[in-house]
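Report on the structure
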Amino acid sequence: GTDAVISNLGMGIPMSSKTIFSESTAQIISELGICKSNRYIVLTGLNVDTETDKKGEFTKGGTDFMYSNFPISTRNRQDEYDLLMKSDLDWTLVRSSWIELTDEITEFETSTVDCGGQKISASSLARFMVDQLDSIEYHRKAPFIWNK
């Protein structure tokens, strides 16, 4: 009875397995196949690289920071993307800048090549992800999102 899955997994407190991202996505890909659903929307960070990227200094710096300080979980986010690319799902991998924990819904921008800002409102991010349920604009793409 599931039409789609939205995943906002993080490392959590206490910290989850550093491979939670690829492990959970592999399981979700399998389960969506069983229930004949095809839509998967998942949150990740700036550090995931795609073939369309033209990352600027800010985004490259964030990626380098994550690989330097959190190499296993950061690599695992890339592994998650690789699993999505190999799947038949209509996935969207939302690459988020720093999430501001606020109820304020701000104007935001998206791009599939680079992140143009340093923060995104949690409420704006949530709205964008839910809006993807009825949109095909970012099927099988990994948009960056940030406050305008």
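Here's what I pulled together on the structure shown here. (Residues numbered from 1 in each chain as written. Predicted model: local features only at pLDDT ≥ 70, side-chain atom pairs only at ≥ 80, totals over all residues. Heavy atoms only, no water.)

The sheet built from five strands is open, its strands ordered β1-β2-β3-β7-β5 with mixed pairing. Strand pairing shows two members of the sheet lacking a second neighbour, β1 (4-7) and β5 (108-111), which therefore form its edges. On average, each strand axis in the sheet is tilted by 25 degrees relative to the strand beside it, whichever way the strands run. Direction of pairing for β5 relative to strand β7 (residues 144-147): antiparallel, over a ladder of four bridges. Looking across to β7, one finds that phenylalanine 108 is bridged to asparagine 147. (Pairing = 2+ DSSP bridges. Helix = DSSP H or I, 4+ residues; strand = E, 2+ residues; numbered from the N terminus. Axes fitted to C-alpha atoms, helices over the stretch in contact; angles between N-to-C directions.)

Another point: the packing of aromatic side chains. Counted by the stated rule, this structure contains four aromatic pairs. Ring geometry for phenylalanine 65 versus phenylalanine 70: centroids 6.4 Å apart, planes at 65 degrees, classification edge-to-face. Under the relative-accessibility criterion, phenylalanine 70 is labelled partly exposed at 39%. Taking the centre distance of 5.9 Å and the plane angle of 90 degrees together, the rings of tyrosine 81 and tryptophan 91 count as edge-to-face. Note that tyrosine 81 is positioned in helix α3 (residues 71-86) and tryptophan 91 in strand β3 (residues 90-96), a separation of ten residues in sequence. By the ring-pair criterion, three or more aromatic residues cluster together here, those being Phe108, Phe128 and Tyr138. Seen from the ring of phenylalanine 21, arginine 77 lies directly overhead, with NZ or CZ sitting 3.4 Å from the centre. Taking NZ or CZ as reference, arginine 95 lies 3.7 Å from the ring centre of phenylalanine 144, over its face. (Phe/Tyr/Trp six-rings, centres within 6.5 Å; stacked < 30°, edge-to-face > 60°. Buried < 20%, exposed > 50% of the residue type's maximum accessible area, 1.4 Å probe, protein only. Lys NZ or Arg CZ within 6 Å of the ring centre and 35° of its normal.)

Right, let's talk about the packing of helix α2 (residues 57-69) against α3 for a bit. Packed helix pairs are specified by the crossing angle of their axes together with the interaxial distance, meaning the distance between the axes. Two elements in contact, α2 and α3, have axes separated by 5 Å at closest approach and are oriented at 125 degrees. On the basis of the axis angle, α2 is oblique to α3. From α2, Met66, Tyr67, Ser68 and Asn69 reach across to α3, where they touch Pro71, Thr74, Arg75 and Gln78. The class makeup of the residues in the contact of α2 with α3 is three nonpolar, four polar and one charged. (Parallel < 35°, antiparallel > 145°, perpendicular 65-115°, else oblique. Contact = heavy atoms within 4.5 Å. Nonpolar A, V, L, I, M, F, W, Y, C, P; charged D, E, K, R; others polar.)

Now for the pairing of strand β2 (residues 39-45). Here β2 lies mainly inside the structure; seven of its seven residues are buried. Burial along β2 is two-sided: Arg39, Ile41, Leu43 and Gly45 facing one way and Tyr40, Val42 and Thr44 facing the other are all buried. Crossover β1 to β2 through helix α1 (residues 20-34) is right-handed. Note that β2 and β3 share seven bridges and pair parallel. Bridging across to β3, glycine 45 finds its partner in serine 96. (Right-handed = clockwise from strand over helix to strand, strands pointing away.)

Glancing now at α1. A rise of 1.5 Å per residue sets the reference length of α1, with its 15 residues, at 21 Å; its end C-alpha atoms lie 21 Å apart and thus fit the reference within 8%. For α1, the full list of buried residues reads Ile20, Phe21, Ser22, Ser24, Thr25, Ile28 and Leu32. Among the structural elements, β1, β2 and α3 are those in contact with the buried residues of α1. Immediately beyond the C-terminal end of α1, within one or two residues, lies lysine 36, with a positive phi of roughly 60 degrees. (Expected span 1.5 Å × (residues − 1).)

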